[in-house]
Amino acid sequence: MYPYYPIMINLQEKKVVVVGGGKVAERKVLHLIESHADVTVVSPNMTKTLRVMSEQHQITWLRKYFEEDDLRDAVLVFAATNDSEINEKVRKSAQPQQFVNVVDQPKKSDFHVPSMVRKGRLNIAISTTGASPILAKIIKKDLESKYGEEYEEYLDFLYEARQQIILEVKDSAMKRQLLSAIASPEFLESDQRNERLRQLLNHELEK
Ligand SMILES: C[C@@]1(CC(=O)O)c2cc3[nH]c(cc4nc(cc5[nH]c(cc(n2)[C@H]1CCC(=O)O)[C@@](C)(CC(=O)O)[C@@H]5CCC(=O)O)C(CC(=O)O)=C4CCC(=O)O)c(CCC(=O)O)c3CC(=O)O
Ligand SMILES: NC(=O)C1=CN([C@@H]2O[C@H](COP(=O)(O)OP(=O)(O)OC[C@H]3O[C@@H](n4cnc5c(N)ncnc54)[C@H](O)[C@@H]3O)[C@@H](O)[C@H]2O)C=CC1
């Protein structure tokens, strides 16, 4: 077992090809669309949800059986049919620089899709490296109860506050101290975050 390398990847306007249009393909496509990827599904038929997405031009549907040329220009490829021979053919058709996920062959996949907790800018990915997708889902539920909806607004605040601190505070020790201060339960729970930040900044800058 090789350790996989986790990254948060910006897929905006990147071409992603999903071969197969069943339940598993649908789950992958929904997350890809959330990330604004340019998704093409190659499959003679698709689930109702995928059909609606195609009608609404959220995805491109190539209504056909897979052919090698369908992978052209894709950065990511999902071999998500229910036919393991076709999935293998997809994998073999890919160029070395393309990353392929084979839904029924974890060991032959260049990447796995983790379970995800998303609260705005907070993005937690859970992987069991193929050992147990169900455990990944259980851990996700657990983390979802710990990191609730309040984190979305809080992270937006942290983002803005950090930009402001970087801009206004030149001393690196002071900067570090302020960045730590705002990443605390006190700020998470406060409903007067901006006022508190201003006070802190004024206090530090007067020193
Ligand atoms: C390797 C990986 C490759 C990949 O797909 O990227 C893979 C492979 C396989 N999954 C299988 C089955 C199931 N997968 C799920 C669910 C999810 N599977 C996901 C990811 C991954 N699945 C990657 C590793 C993730 C990790 O390392 O933890 C999640 C996290 C993300 C997503 O898919 O979006 C998503 C949870 C989404 C959520 O958080 O809600 C469920 C449960 C359910 O559906 O409720 C079952 C049924 C129970 C079971 O079998 O365990 C099978 C057997 C198929 C068969 O029986 O033929 C294989 C193939 C094999 O293992 O050989
Ligand atoms: N990685 C994961 O998370 C999981 C993987 N699986 C695996 O995923 C496979 C697919 O599962 P489902 O989506 O439920 O199957 P499904 O039967 O709902 O869908 C299969 C899709 O593949 C398409 N297809 C078949 N031959 C094709 C070809 N030559 N070219 C293009 N498309 C083709 C069909 O038209 C259909 O849309 C299962 O066989 C299972 O091994 C199952 C559960 C979870």
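Residues numbered from 1 in each chain as written. Chains lettered and ligands numbered in written order. Predicted model: local features only at pLDDT ≥ 70, side-chain atom pairs only at ≥ 80, totals over all residues.

1. What about the UniProt feature "domain: Siroheme synthase central" (unreviewed entry) in the protein chain?
Inference 1: Here the UniProt-annotated "domain: Siroheme synthase central" (unreviewed entry) positions come out as residues 120-145.
Inference 2: Across residues 120-145 one finds 50% helix and 19% strand; the C-alpha atoms that close the span lie 15 Å apart. (UniProt positions renumbered as here; feature names shortened; annotations may be inferred. Helix = DSSP H or I, 4+ residues; strand = E, 2+ residues; numbered from the N terminus.)

2. Observations regarding the site of ligand 1
Inference 1: The local shell around ligand 1 holds 21 residues, among which V113, S115, T128, P133 and A136 are the closest.
Inference 2: Only α1 (23-34) and α4 (133-146) provide two or more residues apiece to the shell around ligand 1.
Inference 3: For the shell around ligand 1, the element with the most residues is α4, which contributes 5 residues.
Inference 4: Considered class by class, the residues forming the shell around ligand 1 number 7 nonpolar, 9 polar and 5 charged. (Near = placed C-beta within 6 Å. Nonpolar A, V, L, I, M, F, W, Y, C, P; charged D, E, K, R; others polar.)

3. Considering the domain arrangement of the protein chain
Inference 1: Taken as a whole, the protein chain is organised into domain 1 (15-113), domain 2 (114-148) and domain 3 (150-206).
Inference 2: Each of domain 2 and domain 3 was reduced to a C-alpha centroid, and the two centroids are 28 Å apart.
Inference 3: Each side of the interface is counted separately: domain 2 has 6 residues, and domain 3 has 6 residues.
Inference 4: Each residue belonging to the side of domain 2 that touches domain 3 can be placed in one class, and the counts come to 2 nonpolar, 2 polar and 2 charged. (Domains from an automatic or database assignment. Contact = placed C-beta atoms within 7 Å.)

4. Comments concerning unusual backbone geometry
Inference 1: One non-glycine residue, H36, lies in the positive phi region at around 65°.
Inference 2: Mapping H36 onto the fold places it in the loop between α1 and β2 (38-42).
Inference 3: A positive phi angle, near 70°, is found at D73, a position not held by glycine.
Inference 4: Here D73 shows up in the loop between β3 (60-62) and β4 (76-79).
Inference 5: A residue is classified by how many C-beta atoms lie within 10 Å of it, and D73, with 10 of them, is exposed. (Buried ≥ 20, exposed ≤ 12 C-beta atoms within 10 Å, placed from the backbone.)

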